[in-house]
Amino acid sequence: MFSRIWTKPSTKSCSEQLERLKAALQDCDAVVIGAGSGLSAAAGFTYAGERFEQHFSDFAQKYGIRDMYSGGFYPFPTQEEFWAYWSRYIYINRYQNAPKPVYDDLLKLVADKDYFVITTNVDHCFQKAGFDKKRLFYTQGDYGLFQCSEPCCQETFDNEAVIRLMMERQENMKIPTELLPVCPHCGKPLTMNLRSDDRFVEDEGWHRAAEQYENFLRVRAGQKTLFLELGVGYNTPVIIKYPFWQMTVRNPKAIYACINLGDAYAPDDIAARSICIDGDIGEILTQL
Ligand SMILES: [Zn+2]
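Right, let's walk through the structure included here.

Rules behind the numbers
Residues numbered from 1 in each chain as written. Predicted model: local features only at pLDDT ≥ 70, side-chain atom pairs only at ≥ 80, totals over all residues. Heavy atoms only, no water. Helix = DSSP H or I, 4+ residues; strand = E, 2+ residues; numbered from the N terminus. Rg over C-alpha atoms; globule rule 2.2 N^0.38 Å. Buried < 20%, exposed > 50% of the residue type's maximum accessible area, 1.4 Å probe, protein only. Contact = heavy atoms within 4.5 Å. Areas by Shrake-Rupley, 256 points an atom, 1.4 Å probe, with all protein chains shown as cover. Salt bridge = Lys/Arg side-chain N within 4 Å of Asp/Glu carboxyl O. Phe/Tyr/Trp six-rings, centres within 6.5 Å; stacked < 30°, edge-to-face > 60°. Lys NZ or Arg CZ within 6 Å of the ring centre and 35° of its normal. Pairing = 2+ DSSP bridges. Axes fitted to C-alpha atoms, helices over the stretch in contact; angles between N-to-C directions. Polar contact = N/O pair within 3.5 Å; in protein donor to acceptor, adjacent residues only side chain to side chain.

Broken down by element type, the protein chain carries eleven helices and eleven strands. At 20 Å, the protein chain has a C-alpha radius of gyration in line with the 19 Å of a compact globule built from 288 residues. Over its C-alpha atoms, taken along the principal directions, the protein chain stretches across nearly 60 × 40 × 35 Å. Taking all 288 residues of the protein chain together, the buried fraction comes to 50%. Long-range pairs, those at least 24 residues apart, make up 66% of the contacts in the protein chain between residues at least 6 apart in sequence. Counting only carbon and sulfur atoms, one obtains 50% of the accessible surface of the protein chain, whose full area is about 13,800 Å².

Laid out in structure tokens, this is it:
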């Protein structure tokens, strides 16, 4: 439905776009934030380089793993090694705070607005920064939850205690066998509650959040709504990006804003009501 010719409003001056976004934030009745991995990257959750070296140099040496993300797909020979890797991954990306206060700055901008957040991020940063849990929809899961690998049930399990134990007790890149997590119902291994295939468990909390998101959009249809897209790429554009474009097309009072380092675009159909800023999200938020 969208033309293939892209508009690039980021060629307009950045300060003009910033002013338009400031005005839109002040003027709107509601803000729908759509956040992708670029937002957490701006907050310092990077998956390669120094952070990777600091926590995974042994895995890099033994298996040639180059960054945290690709290491998540490595076929480790034992479950004990698999969980040594993943417990570190989950611990530093879920239970430690983001290095930079980007999420806190974002909350300051929308705290007194009628807002809702939809995100493909699974690192819990919105909740840690104090965003209202009832205004959040984590579509792709949460590093802080386990699910049955089968799955035999549509249930998730908080993993903080066991992840901390795995961190404390791992040696030579292995966790003790007795810490291997198993499903309390069927005894099969537990795994992360992350959407990677059709075995992803959508628990009660997931369905509640999905419903709250739909309700938010339905009740505010036709209002002056700002669709604020932050760091969303093209891995899963059907979750945030394309729906934001479509909702902006359908609502003449809506504004679409896209902040993205290197990839800030809007389709022609909504160019006049779009604000595109190509830059570091953290820096831009502090200027608003
Ligand atoms: Zn099970």
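This model, assessed by the stated rule, comprises 16 salt bridges. Note that R94 and D142 form a salt bridge whose closest N and O atoms lie 2.8 Å from each other. Residue R94 is found in helix α5 (residues 79–95), and its partner D142 is found in strand β5 (residues 141–148); the two are separated by 48 residues along the sequence. For the pair shown, R94 and D142 are each scored as buried. R199 is paired through a salt bridge with D197; the nearest N and O atoms lie 2.9 Å apart. Assessed through its relative accessible area of 33%, D197 is described here as partly exposed. Because the salt bridges share partners, they merge into one network encompassing D114, D132, R135 and R220.

Right, let's get into the packing of aromatic side chains. A full pass over the atoms with the stated rule returns 28 aromatic pairs. Ring centres of F52 and F56 lie 5.7 Å apart, and the angle between their planes is 15°; on these two criteria the pair is classed as stacked. With a gap of four residues between them, F52 and F56 both fall in helix α3 (residues 50–63), about one helical turn apart. Given the relative accessible area of 1%, F52 is considered buried. Measuring from ring centre to ring centre gives 5.4 Å for Y89 and Y143, while their planes differ by 75°; the resulting arrangement is edge-to-face. Taken together, the positions of Y89 in helix α5 and Y143 in strand β5 put the pair 54 residues apart, joining distant regions of the chain. Across this residue pair, the class does not change: Y89 and Y143 are buried. A cation sits over an aromatic face here: R135 above Y115, 5.4 Å from the ring centre.

Residues E150 and P151 are joined by a peptide bond in cis, for which omega reads -15°. Topologically, P151 is positioned in the loop between β5 and β6 (156–158).

Another aspect to go through is the sheet that holds strand β8 (residues 225–230). Pairing is parallel in the open sheet, where six strands are placed in the order β4-β3-β2-β8-β9-β11. The sheet is open, and its two borders are formed by β4 (136–138) and β11 (274–277), each paired with just one other strand. Shown here is a sheet whose adjacent strand axes are inclined to one another by a mean of 10°, direction ignored. With three bridges connecting them, strand β3 (residues 114–119) and β4 associate as parallel partners. Its bridge partner lying in β4, V117 is registered against L136.

Quick look at the side chain of N251 now. You can see N251 is positioned in the loop between α10 (241–250) and β9 (255–259). A polar contact of 2.9 Å, which involves the side chain of N251, links it to the backbone nitrogen of K253. Those residues in contact with N251, other than ones at most four positions away along the chain, are G222, Q223, T225 and R273.

What follows concerns the environment of V162. Among the secondary structure elements, V162 is positioned in helix α8 (residues 160–169). When the C-alpha positions of V162 and P181 are compared, they lie 8.1 Å apart, and in sequence the two are 19 residues distant. Each residue touching V162, except ones within four places of it in the same chain, is listed here: F146 and L179.

These figures capture arrangement, not role.
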